[in-house]
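Reading the structure
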Amino acid sequence: MNYRILGKTGFRVSEISLGTWQLGSKWGEEFNEQNAMDTLEAAYQAGINFIDTADIYQGGESERAIGKFLKTKEEKIFVVTKCGRKLDPHCAQGYNAENINRFVEDSLRNMQVDSLDLVLLHCPPSEVYHNKTAFDALDRLKASGKIQHYGVSVERIDEALQALEYDISAIEIIFNMFRLRPAQELFEYAQEKNVGIIVRVPLASGLLTGKYTAATTFGAADHRSYNRNGEAFDKGETFSGVDYTIGLQAAQELKEGLQTDNLALSALRYILMYPAVSSVIPGASSPMQITQNARAAMLPSFTPAQMQLVEQVYNLHIKPLVHHLW
């Protein structure tokens, strides 16, 4: 495993880390604590020392499992958690000091720690970035020692650019072979501010594994079944907002052009070609998945021709449909 510095946090984190949206189960299935602990152990054995979670993942079970796991290790494992999506309704007014303090206290209790390494606002409404309220609350929590650093998880680049006006340490954003705009319009500015980039949805909800076909089906409780057009939350969270059929075609062209049967590892390695990226956080619902994902860090660098191929496929199939949206 290779390691990079996460912006102004100074944390030395694994290039490939663990996203825990699916920790302990597949999407929509019941949480299994033993599976969660086994997955966390597999990540640790692969050299992963950075875990991404959120207070809403598995109703708090993700944070609780991570907290339990941390107590079994002497080495430092960095954890980023997110807050805000417990709000109902999820509105800008809810991102006030009282609620943010409560969310942080809940996460501290769930993970049984005295201070949180890094807290991100969890894709709040755009208005939140144009008001100091939430960021002032985070500044006070940082001064109190309850959090060490804070940042944002965003849907759109304009939100990330606005967030750079505050004392953030990290931005979590969707970036992958089907979502190239952040590299063109955000990464340079983040580097200038010494803000780390955490990449989420790196495999476009599985499209970039290259394993799906037109006949592939997903469970009724899986967002890949019910959110393809943004019915439940932001459309960009599912398949990176790419039409499923078009995504299949583009993934096949990438497999052929890169001459690989394991597009997932190539997709992860591609993201690491960008120095602004501190870490990429593919999810894993089983120990085997995270062990396989970790291998991406050991792949050789993309050649200039391979980098150009990715851009060509994107420009042909993806850019006209999604580039302007996020």
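Provided above is the structure to which this section pertains.
To start, this report covers the structure provided alongside it. (Residues numbered from 1 in each chain as written. Predicted model: local features only at pLDDT ≥ 70, side-chain atom pairs only at ≥ 80, totals over all residues. Heavy atoms only, no water.)

Observations concerning the packing of helix α2 (residues 61–70) against helix α3 (residues 97–111)
- Orientation of α2 relative to α3, taken along the N-to-C sense of each, is 45°, at an axis distance of 7 Å. By the criterion of interaxial angle, the relationship of α2 to α3 is oblique. Facing E63, R64, I66 and G67 of α2, the residues of α3 in contact are D106, S107, N110 and M111.
- For the contact of α2 with α3, the residue count by class is two nonpolar, three polar and three charged. (Axes fitted to C-alpha atoms, helices over the stretch in contact; angles between N-to-C directions. Helix = DSSP H or I, 4+ residues; strand = E, 2+ residues; numbered from the N terminus. Parallel < 35°, antiparallel > 145°, perpendicular 65-115°, else oblique. Contact = heavy atoms within 4.5 Å. Nonpolar A, V, L, I, M, F, W, Y, C, P; charged D, E, K, R; others polar.)

Considering the environment of D117
- With respect to the helices and strands, the residue D117 is situated in strand β6 (residues 116–122).
- In sequence terms D117 and F78 are 39 residues apart; their C-alpha atoms lie 6.4 Å from each other.
- When neighbours within four sequence positions are excluded, D117 is seen to be in contact with F11, K76, I77, F78, V79, Q148 and H149.
- Within the structure, D117 has its side chain in polar contact with the side chain of K76 (distance 2.9 Å). (Polar contact = N/O pair within 3.5 Å; in protein donor to acceptor, adjacent residues only side chain to side chain.)

Concerning the packing of aromatic side chains
- Within the structure shown, the criterion is met by 15 aromatic pairs.
- Measuring from centroid to centroid gives 6.4 Å for Y44 and F69, while their planes differ by 75°, and the two rings are edge-to-face. Pair noted here: Y44 is in helix α1 (residues 33–45) and F69 is in helix α2, with a separation of 25 residues, a long-range link.
- The class for F69 is buried, based on a relative accessible area of 3%.
- Note on Y212 and F218: the rings are 5.3 Å apart at their centroids and 75° apart in plane angle, and the pair reads as edge-to-face.
- An aromatic cluster of three or more residues is present, and its members are F175, F187, Y270, Y274 and F302.
- It is K73 that lies over the ring of Y44; its NZ or CZ is 4.3 Å from the centre.
- Looking at R228, its charged tip hangs above the ring of Y244, at a distance of 4.5 Å from the centre. (Phe/Tyr/Trp six-rings, centres within 6.5 Å; stacked < 30°, edge-to-face > 60°. Buried < 20%, exposed > 50% of the residue type's maximum accessible area, 1.4 Å probe, protein only. Lys NZ or Arg CZ within 6 Å of the ring centre and 35° of its normal.)

Things to note about the environment of P320
- Of note, P320 is situated in helix α12 (residues 304–322).
- Note on P320: relative accessible area 55%, which makes it exposed.
- Ignoring any residue separated from it by four or fewer positions in sequence, one finds P320 in contact with Y314 and N315.

Observations regarding the sheet that holds strand β3 (residues 18–19)
- Strand order in the open sheet formed by eight strands is β3-β4-β5-β6-β7-β8-β9-β10, and the pairing between neighbours is parallel. Strands with a single pairing partner mark the edges of an open sheet, and in this sheet they are β3 and β10 (277–280).
- In the sheet, β6 pairs with strand β7 (residues 147–153) via six bridges, with the strands oriented parallel. Opposite L118, over in β7, you have H149 as the bridge partner.
- Contacts from α3 reach β5 (78–83), β6 and β7, with the element oriented near 135° to β6. (Pairing = 2+ DSSP bridges.)

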